[in-house]
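Breakdown of the fold
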Amino acid sequence: MLQPLLTVLDPHRELIGQIAGLLTVLQYLAGCFICADIYRRGSSKGVSPVRFIVGCSLSLLQLQYFLKLQSPTLIGTSICTLTFSVLYSLCYLWYTPVESRGALYKVLLTVGVPTAAIYAYGCQGDDAVITDRLGLIITVLALMFIALPLTQLGTIIRAKSTAGLPLPAIAASTGASILWLLYGLLIHNSFIVVQKIIALALCTLQLSLFIIYPATATAGQRKKQQ
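This is a predicted model, so every value here is computed, not measured.

Okay, the pattern of salt bridges next. Taken as a whole, this structure holds four salt bridges when the rule is applied. The residue Asp10 makes a salt bridge to Arg13 at a minimum N-O spacing of 2.5 Å. Its relative accessible area of 33% is what places Asp10 among the partly exposed residues. On the accessibility criterion, Arg13 (26% relative accessible area) is partly exposed.

Structure representation (structure tokens):
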């Protein structure tokens, strides 16, 4: 049943990849709002650098992997996401007082060391074994990155509000996951397919939270109390 659809879409695989790449970049643009808030307050206090640093790590490793696949669409997307992640990280560093940078350096060390080790492993060659292992590692890291908003699950349930979740970024991630899944099927890459199936499940879970706990619920309750 799926094969006829893939046959029809096959001539448009690069267009599908380009649209998916655009949605992925839009997902990363959510960091602009965080940085704008940091700029307005003049400090990064209260904002975790984990998303920015992990974004740099994931984008760098994805770029290495996609260079092995020789896919211009995937390479271009990774370059864009890496650029944004680096800029966000530099913004965070700039607005973090010197005496408060210990936590940032700790995250850099925690993420940077394994990233360097994985990158060094990927540099050993382009044979199928190394490429497959690198793809598996990136799949796990990408799923962890997508699931980051779920770390607020406890807070959301207690507050009965999704006000802290980035809906535009999650929506873009959902759309991108659907298109990347199609793209992975078209280029016969099992790692992309598996990664995006699980990513879609995570995105669906996050979107369902907006139905269960509307972001306006808390505000509405406050008005009633007043």
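Next comes the rest of the account.
Orientation of helix α9 (residues 167-186) relative to helix α10 (residues 190-212), taken along the N-to-C sense of each, is 155°, at an axis distance of 9 Å. The angle between the axes of α9 and α10 places the two elements in the roughly antiparallel class. The hand of the α9/α10 crossing is left-handed. In this structure, α9 uses Leu167, Ile170, Ser173, Thr174, Ser177, Ile178, Trp180, Leu181, Gly184 and Leu185 to contact α10, whose residues at the interface are Ile192, Val193, Lys196, Ile197, Ala199, Leu200, Cys203, Gln206, Leu207 and Phe210.

What follows covers the environment of Gly31. As for its placement among the helices and strands, Gly31 is situated in helix α3 (residues 30-41). Expressed as a C-alpha distance, the spacing of Gly31 and Arg51, which sit 20 residues apart in the sequence, is 8.8 Å. Among residues more than four places away in sequence, those in contact with Gly31 are Phe52 and Tyr88.

Okay, the packing of aromatic side chains next. On inspection of all chains with the given rule, the structure shows seven aromatic pairs. Both rings, one in Tyr28 and one in Phe145, keep their centres 5.6 Å apart while their planes meet at 20°; by these two values the pair is stacked. One end of the pair, Tyr28, is in helix α2 (residues 13-28); the other, Phe145, is in helix α7 (residues 128-146), and 117 residues separate them in sequence. Measuring from ring centre to ring centre gives 5.7 Å for Trp180 and Tyr183, while their planes differ by 75°; the resulting arrangement is edge-to-face. Here Trp180 and its partner Tyr183 are both found in helix α9, three residues apart, which amounts to about one turn of the helix. Take Trp180 and Tyr183: they sit in the same class, and that class is buried. Following the ring pairs from residue to residue traces out a cluster consisting of Phe52, Phe84, Tyr88 and Tyr92.

Helical geometry note: an α-helix holds 3.6 residues per turn, so side chains three or four residues apart project in the same direction. End to end, α3 covers 18 Å across 12 residues, agreeing with the expected 16 Å (1.5 Å per residue, within 8%). Of the residues making up α3, those classed as buried are Ala30, Gly31, Cys35 and Ile38. Buried residues along α3 cover an arc of 140° about the axis, so they all sit on one side. Turned more than 90 degrees away from the buried face of α3, the exposed residues are Phe33, Tyr39 and Arg40.

With 20 residues, α9 should reach 28 Å at 1.5 Å per residue; the first-to-last C-alpha distance of 29 Å fits that figure. Burial analysis of α9 places 14 of its 20 residues in the buried class, the great majority of the element. Once α9 ends, the next one or two residues include His188, with phi positive near 60°.

Below, the discussion takes up the side chain of Ser71. Following the sequence through the fold, Ser71 ends up in the loop between α4 (50-69) and α5 (72-94). Taking the relative accessible area as the measure of exposure, Ser71 reaches 7% and is therefore buried. If sequence neighbours within four positions are ignored, Ser71 has contacts with Phe66 and Tyr183.

Let's shift gears to the confidence of the model for the protein chain. When pLDDT is averaged along the protein chain, the result is 84; 94% of the residues meet or exceed 70. Counting contacts from residues 217-226, a segment whose pLDDT is below 50, to residues more than four positions away or on other chains yields four contacts.

Once that is clear, we can look at a nonpolar patch on the surface. On the surface, a nonpolar cluster with roughly 260 Å² of combined accessible area is contributed by Val86, Leu87 and Leu90. As for its position among the elements, Val86 is in helix α5.

Turning next to the state of the cysteines. Counting across every chain of the model gives zero disulfides. The closest cysteine sulfur to the non-disulfide-bonded Cys35 is located on Cys91, 3.8 Å from its own sulfur. This cysteine, Cys80, is not joined by any disulfide, and Cys32 carries the nearest cysteine sulfur, 12 Å off. In this structure Cys80 comes out as partly exposed when scored by relative accessible area, which is 36%.

The rules behind these values
- Residues numbered from 1 in each chain as written.
- Predicted model: local features only at pLDDT ≥ 70, side-chain atom pairs only at ≥ 80, totals over all residues.
- Heavy atoms only, no water.
- Salt bridge = Lys/Arg side-chain N within 4 Å of Asp/Glu carboxyl O.
- Buried < 20%, exposed > 50% of the residue type's maximum accessible area, 1.4 Å probe, protein only.
- Axes fitted to C-alpha atoms, helices over the stretch in contact; angles between N-to-C directions.
- Helix = DSSP H or I, 4+ residues; strand = E, 2+ residues; numbered from the N terminus.
- Parallel < 35°, antiparallel > 145°, perpendicular 65-115°, else oblique.
- Left-handed = near helix turned anticlockwise from the far one by under 90°.
- Contact = heavy atoms within 4.5 Å.
- Phe/Tyr/Trp six-rings, centres within 6.5 Å; stacked < 30°, edge-to-face > 60°.
- Expected span 1.5 Å × (residues − 1).
- Arc of directions from axis to C-beta.
- pLDDT = per-residue confidence, 0-100.
- Patch = residues over 30% accessible without salt bridge, like charges linked within 9 Å, V, L, I, M, F, W, Y side chains within 5 Å.
- Areas by Shrake-Rupley, 256 points an atom, 1.4 Å probe, with all protein chains shown as cover.
- Disulfide = S-S within 2.5 Å.

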